[in-house]
Amino acid sequence: MADLFTQTASTQLYRMFLAVLFFHTSEFILAISIHGRSKVSLSSLLISRGYLVAMAFSVLEYAFEIWMFPDLKEHWGISNLGLVMVLIGEIIRKLAIITAGQAFTHLIRTRHEEQHELVTHGVYGLVRHPSYSAFLIWAVGTQVMLCNPVSTVGFAAVVWRFFSKRIPYEEYYLRRFFGSNYLDYAKRTPSGVPFVK
């Protein structure tokens, strides 16, 4: 376990923990600033048991690999690529939240509210679900940053699967709320998550 205290491990694990801490803290602060403290709870940020298990697994994978295969973690080009992915994912996600403003919520709306408008400008002009594509980039980036091959594939598969089910469910309500406006928008704008129409 002494390998966990090397310069490589210290740097890579510090980057990952800082990325996770910043992501969730800034997400919570943004949600409060947009919706007000009374409408935001920790549970609304979707930190599930599965998410915590995945993060714990990634740290265990890291500890095992740096102990058994320390050279695997010395690929700084790959690790730095992961850091760039984390930063890109973070920036796109926050742009999506700020652009949507009151229309952005962590939980899918099943009733149309007065302030809920169809947002098609900014990052929403490029993809319909920029916050989802950004989270996918961010989550996979955390594992690329750690040079965790198993968790990189696992995070990509699990996050993609989650959004491949969530997007059709959410878009069912968006079609109900916005009708032909949403249908036209969906025809000209990709979802933002690979292989999800």
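From a predicted model like this one, the values you see are computed outputs, not experimental measurements.

(A) Main features of the overall build of the protein chain. Secondary structure assignment for the protein chain yields five helices and zero strands. Listed by position from the N terminus, the elements making up the protein chain come as α-α-α-α-α. Against the compact-globule benchmark of 16 Å for 197 residues, the protein chain has a radius of gyration of 18 Å, which places it among compact chains. In terms of principal-axis extent, the alpha carbons of the protein chain reach across some 60 × 35 × 25 Å. Within the protein chain, buried positions represent 46% of all 197 residues. Summarising the internal contacts of the protein chain: among those between residues at least 6 apart in sequence, 80% fall at separations of at least 24. Surface accessibility of the protein chain: about 10,900 Å² in total, with carbon and sulfur atoms responsible for 68%.

(B) Representation of the UniProt feature "transmembrane region" (unreviewed entry) in the protein chain within the structure. Following the UniProt record, the feature "transmembrane region" (unreviewed entry) maps to residues 12–34, 46–64 and 135–160 here. Taken end to end, residues 12–34 comprises 100% helix and 0% strand; its first and last C-alpha atoms sit 33 Å apart.

(C) Local environment of the nonpolar core. Met55, Phe135, Trp138, Phe163 and Val193 are the most contacted members of the largest nonpolar core, which has 27 residues in total. Within the residue set of this core, elements represented by two or more residues are α1 (7–35), α2 (49–68), α3 (76–100), α4 (130–145) and α5 (149–188). Counting residues per element, this core draws most heavily on α4, which supplies eight residues. If sequence neighbours within four positions are ignored, phenylalanine 163 has contacts with Tyr132, Phe135, Leu136, Pro168 and Val193. In terms of nonpolar packing, the next biggest core, distinct from the first, is built from 17 residues, Ala103, Phe104, Val123 and Tyr182 among them.

What counts, and at which threshold
- Residues numbered from 1 in each chain as written.
- Predicted model: local features only at pLDDT ≥ 70, side-chain atom pairs only at ≥ 80, totals over all residues.
- Heavy atoms only, no water.
- Helix = DSSP H or I, 4+ residues; strand = E, 2+ residues; numbered from the N terminus.
- Rg over C-alpha atoms; globule rule 2.2 N^0.38 Å.
- Buried < 20%, exposed > 50% of the residue type's maximum accessible area, 1.4 Å probe, protein only.
- Contact = heavy atoms within 4.5 Å.
- Areas by Shrake-Rupley, 256 points an atom, 1.4 Å probe, with all protein chains shown as cover.
- UniProt positions renumbered as here; feature names shortened; annotations may be inferred.
- Core = buried A, V, L, I, M, F, W, Y, C linked by side-chain atoms within 4.5 Å.

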